[in-house]
Amino acid sequence: MALEFTLVLQLHAPLALHRTRTGVQFVETLDIIPGTALRGALAEAYLTKHGAPDGTFRALFLSDQVQYGDLWPALEGKQTTLLPATAQVCKRYGLKHPASFRDALLDVWADSGDDKKCRECGESLDRVGGYLCSLNPLEPLSPRSRLRVSTAIERSTGTVAREMLFTQHTLVGLGTPDDKQPLLFQGVVRLFDPTLQSELMRLLQSNTILFLGAGRSRGLGQMKVKAWSEASAPEPLAERWNQFNAAAQRAGGDASKRYFSLTLLSHLALRDNLLRPMQGEITPQHFGLPEGVTWVRYSDSDQSVLFLNAITVPGWNTALGLPKSDTVALARGSVLLGQCDAGQEQAVLGCLAQIEAEGVGERRNEGFGRVAVCYPIHYTCWR
Ligand SMILES: [Zn+2]
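Residues numbered from 1 in each chain as written. Predicted model: local features only at pLDDT ≥ 70, side-chain atom pairs only at ≥ 80, totals over all residues.

(A) Quick peek at the overall build of the chain. Of regular secondary structure, the chain possesses six helices and 22 strands. Relative to its 383 residues, the chain shows a buried fraction of 35%. Residue pairs at least 24 apart in sequence account for 72% of intrachain contacts in the chain once pairs closer than 6 positions are excluded. (Helix = DSSP H or I, 4+ residues; strand = E, 2+ residues; numbered from the N terminus. Buried ≥ 20, exposed ≤ 12 C-beta atoms within 10 Å, placed from the backbone. Contact = placed C-beta atoms within 7 Å.)

(B) Focus on the sheet that holds strand β5 (residues 81-82). Taking strand neighbours across the sheet as the criterion, the three strands line up as β5-β9-β10 in an open arrangement whose pairing is antiparallel. Either end of the sheet is taken by a strand with one partner, and the two such strands are β5 and β10 (139-141). When strand β9 (residues 131-134) meets β10, the two strands line up antiparallel, connected through three bridges. Directly across from Tyr131, in β10, lies its bridge partner Leu141. (Pairing = 2+ DSSP bridges.)

(C) Spotlight on the environment of Gly338. Counting through the fold element by element, Gly338 comes out in strand β21 (residues 335-341). Gly338 gets classed as buried once you count the C-beta atoms within 10 Å, which come to 23. Spatially, the C-alpha atoms of Gly338 and Ser304 are 9.2 Å apart, while their sequence positions differ by 34 residues.

(D) Structural context of the packing of helix α4 (residues 237-250) against helix α5 (residues 345-358). Interhelical geometry of α4 versus α5 gives an angle of 115° and a closest axis separation of 11 Å. Relative to α5, the crossing made by α4 is right-handed. When α4 is examined against α5, the residues Leu237, Ala238 and Trp241 are found in contact with a partner set consisting of Leu349, Leu352, Ala353 and Glu356. For the contact of α4 with α5, the residue count by class is six nonpolar, no polar and one charged. (Axes fitted to C-alpha atoms, helices over the stretch in contact; angles between N-to-C directions. Left-handed = near helix turned anticlockwise from the far one by under 90°. Nonpolar A, V, L, I, M, F, W, Y, C, P; charged D, E, K, R; others polar.)

(E) Main features of the pairing of strand β6 (residues 87-90). Two strands pair when backbone bridges link them, and β6 and strand β7 (residues 102-103) are joined in this way by two bridges, in the antiparallel orientation. Within β7, the residue paired with Gln88 across the bridge is Arg102. By the bridge criterion, three bridges tie β6 to strand β8 (residues 125-127) in an arrangement that is antiparallel. The residue of β8 that forms the bridge with Cys90 is Leu125.

(F) Quick peek at unusual backbone geometry. In this model, Asn136 is joined to Pro137 through a cis peptide bond whose omega is 0°. Assignment of secondary structure puts Pro137 in the loop between β9 and β10. One non-glycine residue with positive phi stands out, namely Asn207, at about 70°. Here Asn207 shows up in the loop between α3 (197-203) and β14 (209-211). Unusually for a residue other than glycine, Arg363 sits at a positive phi of about 55°. Tracing the backbone through its elements, the reader meets Arg363 in the loop between α5 and β22 (371-373). On the basis of neighbour counts, which here come to 20 C-beta atoms within 10 Å, the residue Arg363 falls in the buried class.

(G) Quick peek at the sheet that holds β6. Read from one edge to the other, the open sheet built from three strands follows the order β7-β6-β8, with strand pairing classed as antiparallel. What marks the edges here is a single partner per strand, and that holds for β7 and β8.

(H) The arrangement of the environment of Met278 in detail. For Met278, the location among the structural elements is in the loop between β16 (257-264) and β17 (294-295). Between the C-alpha atom of Met278 and that of Ala329, which follows or precedes it by 51 residues, the distance is 7.7 Å. The residues touching Met278, leaving out its near neighbours within four places in the chain, are Leu270, Arg271, Asp272 and His286.

(I) Up close: the nonpolar core. Within the largest apolar cluster, 80 residues are counted, with the highest numbers of intra-cluster contacts made by Ile33, Leu71, Leu212 and Leu337. A per-element tally of this core places helix α1 (residues 35-50) first, with five residues. Once you skip the residues sitting within four places of it in the chain, Leu337 turns out to touch Leu105, Val108, Tyr259, Ser261, Trp295, Val296 and Val305. (Core = buried A, V, L, I, M, F, W, Y, C linked by C-beta atoms within 7 Å.)

(J) Representation of the pairing of strand β13 (residues 184-191). Of all eight residues that make up β13, seven are buried, and the element is covered over most of its length. Direction of pairing for strand β3 (residues 66-68) relative to β13: antiparallel, over a ladder of three bridges. Within the sheet, the bridge partner assigned to Tyr68 lies in β13 and is Val189. Two strands pair when backbone bridges link them, and strand β4 (residues 72-74) and β13 are joined in this way by three bridges, in the antiparallel orientation. Paired with Trp72 across the two strands is Gln186, which belongs to β13.

These figures come from the coordinates and say nothing about function on their own.
Below is the structure:
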C-alpha cells in the first residue's frame, strides 16, 4: 500500500504554465499544476540543496517509487471536484443558473428524445468544464488569469531578443467576488517506498518557495509550500459503488448487472502491444479488469458509453533546454461506463480498488493515469 500525502501550494507570484509550446504569440496558461511540473520543481529544489544527482535523487524523481499528482486549484477547507465530460449546465447562463446543473452519464437508459432543459430559463443544456469547490450548494471555482506582454529572451545569451514581444496568460487569483481568499493548488503525492518520506518532507518544509512554469527570470511562478500532510481517506469504494448502482437502477439499468464509472482525474496515456497510443478502441481489460467486464452500450445503437476527449501533451526538458516528444493521451475529465454480472462484483471491486490506488498506464510518476471509480458527481447530480 502506498502512503498518500496532500500537498498544498499557495500562489506567491503570478503563474504561467503553458498549454502549448511558446511558438505562438498568445500563450494560454493551464489552470492546474501538472504532476510533471511539480516533479521538475522539486527535482530542481533538491539539486539546489544537494548538488549533483545521487541515489536518493534517482529514487525520488526517476523511479516509480513516487507519483507526483496534478495539483488542482482549491480553496482552504474545501474539496475540489473536477467537472467531468458528462457535466451539463444552462447553455445561455452557465453556472449562474445553478439549478440547471446536472450530470448526464446515467442518461444512457433514458429515451434519447427526452431533451433536458434549464429549470430556470428553459434554455437547452450544454457541456461545461472546470471545477467546483462545493457540490451542495453548487460553487464554481475559477482561477483568474491576466494577460502580460513581455519581451522575449534570447535563450543563448539570456538577454532581450530584439523586436520580439509576446503575450502570455498568467494565473493571478480567483475569479470570485470574494477575492481575499488566496488561490491554492492541492494534490496528492503517493509514496510506494516509505523511507523516502523524510527526504520529501525536508524539501517541502512550510513556506519553502518552489519555482514553477515560465517567466521565472521575470519573477513569475513562485509558489509557497503551505501544507504537506497525510491525505484524508476518500469515501470508501464499496459505499460509492452501492450509491452508484442504486442510481443506475433508478435510471433504468438491468437489475442483474452491476455498473461502475471510470472518471479520469488526470490524463491517461495507454499504449497497445505495438506501442501505439490507445484512444477510442480502449477496453475494460486495458484497465486490468477481468474478462466479462464490458462497456455499457446505448440501447438504440451499438455505441459504447464513452465520453472521451483526446489531448496532445507537449513537454519541455528544462535541464537540456529542449522540447520533449509529445504524448497523445485521453484527457482529464473523460468518463467510461462499465458493467459486469452481479456474480463478478467482488472480483471487479478488487480490481477497481487497485486502479484507484496505483493508477493506470504510462507516466504515472508524473501524475498521469489517476482514475476515480464511481465519482460521486455522477450519482449525486444525475436527475
Ligand atoms: Zn438557464
